[in-house]
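Structure at a glance
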There are 2 protein chains.
Amino acid sequence: MVHAEASTFAAGQSKAEVYAQVLEQAAALFEGQRNWVCNLANTSSLLYHALLSLPSPSNAVNWCGFYTVDPQNPNQLILGPFQGHVACQAIPLGRGVCGTAAAKGETLVVRDVEEFPGHIACDAASRSEIVVPVVQEGRVVAIIDVDCAEVGGFDGVDKEKLEELAGLIAASSDF
Amino acid sequence: MVHAEASTFAAGQSKAEVYAQVLEQAAALFEGQRNWVCNLANTSSLLYHALLSLPSPSNAVNWCGFYTVDPQNPNQLILGPFQGHVACQAIPLGRGVCGTAAAKGETLVVRDVEEFPGHIACDAASRSEIVVPVVQEGRVVAIIDVDCAEVGGFDGVDKEKLEELAGLIAASSDF
């Protein structure tokens, strides 16, 4: 298979169908490959192109990627592979949407980032955000972070499917 | 500074001006930050958006990122941070444009990938390619890989400036 086709999503599919393709393709790409940088790099591409293929507000995705717990300093997250514009290099645990989700070990769906206390604006264009922890052996090792240029970009389907994706990543990658 | 602005490039600049901005922004982003995943992730974003801001053929960039020497197997390259569609996870040293540039430790500018013996087609849309080794203490640790959907997408300016960028990455990041 030409790998690029894995991240080509037909228009007109439902969000559930598109996430099913993301999960199927991610599982195939992780087979025999446990390197976390490689797996997160391809996953950020899959997810970004999946969301771009959907109707509004999903196609207003403007950043999609990962932060991991910094091996040099476990009190902060450090930027991992992503798709989109340049992003903040490090985020203290407990700060902003990413740091709060990582500290709590739970998914945060933020309808309007401007109403989130202590929001860190890496990109002023971002208006809503979902952050999903990747938990391995009871420990947060990374987060999935997706930003949208529209308010209310994420719903219960995004939460459910991104949590499934986080579980797949945790089971398939050595951090 | 809102970080996303670092990868916003004004239209109408020359290629040399755009690369000067890439080098300046990369140096600023690397200051106080030696984590290679973080630095390559932001650099792939900078470079991708820089090329998109230029006239044809540069704006036909369709993949921009990095492979590193696989810590688990030094005879192969493994996928690092990138912007674009899903890519091949691993490339044996000496195979394809990336593997050949890494094995030789020298830049390859390929006018037409279909004429390159043993070309690995991660994406059938790619028609030309430049690969620049990142050399640290005399050893290739990574490569910069940029693909273009047009034949002849890269010239001597790309080669010179990407080699400068590779030097900056090597001096600024711990692999």
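Residues numbered from 1 in each chain as written. Chains lettered and ligands numbered in written order. Predicted model: local features only at pLDDT ≥ 70, side-chain atom pairs only at ≥ 80, totals over all residues. Heavy atoms only, no water.

Examining the interface of chain A and chain B
- Chain A puts 35 residues into the contact, and the matching count from chain B is 35 residues.
- Together, the buried faces of chain A and chain B total about 2800 Å²; carbon and sulfur atoms form 59% of this surface.
- Between the two partners, chain A and chain B, sit 0 salt bridges.
- For the interface between chain A and chain B, the tally reads 24 residue pairs in polar contact (both at pLDDT 80 or more).
- Going through the elements one at a time, α2 (36–52) and β2 (73–84) of chain A are the ones with two or more residues in the side of chain A that touches chain B.
- Class assignment of the residues belonging to the side of chain A that touches chain B gives a composition of 20 nonpolar, 13 polar and 2 charged. (Contact = heavy atoms within 4.5 Å. Buried area = accessible area lost by both parts, 1.4 Å probe. Salt bridge = Lys/Arg side-chain N within 4 Å of Asp/Glu carboxyl O. Polar contact = N/O pair within 3.5 Å; in protein donor to acceptor, adjacent residues only side chain to side chain. Helix = DSSP H or I, 4+ residues; strand = E, 2+ residues; numbered from the N terminus. Nonpolar A, V, L, I, M, F, W, Y, C, P; charged D, E, K, R; others polar.)

Let's talk about the UniProt feature "domain: GAF" (unreviewed entry) in chain A
- As annotated in UniProt, the feature "domain: GAF" (unreviewed entry) corresponds to residues 63–171 of chain A in the numbering used here.
- Along residues 63–171 of chain A, the helical share is 23% and the strand share 41%, with 24 Å between the first and last C-alpha atoms. (UniProt positions renumbered as here; feature names shortened; annotations may be inferred.)

A closer look at the layout of surface pockets
- Its volume calculated, the largest pocket comes out at about 740 Å³.
- Trp36(A), Pro71(A), Asn35(B), Trp36(B) and Val37(B) are, among the 32 residues lining the largest pocket, the residues nearest its centre.
- Elements with a minimum of two residues in the lining of the largest pocket: α2, β1 (61–70), β2 and β6 (139–148) of chain A together with α2 (36–52), β1 (61–70), β2 (73–84) and β6 (139–148) of chain B.
- Looking at the lining of the largest pocket, the element that brings in the most residues is β2(A), giving 5 residues.
- For the lining of the largest pocket, the residue count by class is 18 nonpolar, 9 polar and 5 charged.
- Roughly 160 Å³ of volume is contained in the second largest pocket.
- Taken together, 13 residues line the second largest pocket, and the ones lying closest to its centre are Tyr48(A), Gly84(A), Tyr48(B), His49(B) and Gln83(B).
- Contributions of two or more residues to the lining of the second largest pocket are made by α2 and β2 of chain A together with α2 and β2 of chain B. (1 Å grid on protein atoms, 1.4 Å probe; cavity = no way out; pocket = protein on both sides within 12 Å on 5 of 7 lines; lining within 4 Å. Points joined across faces, edges and corners; volume = space filled by probe spheres on them.)

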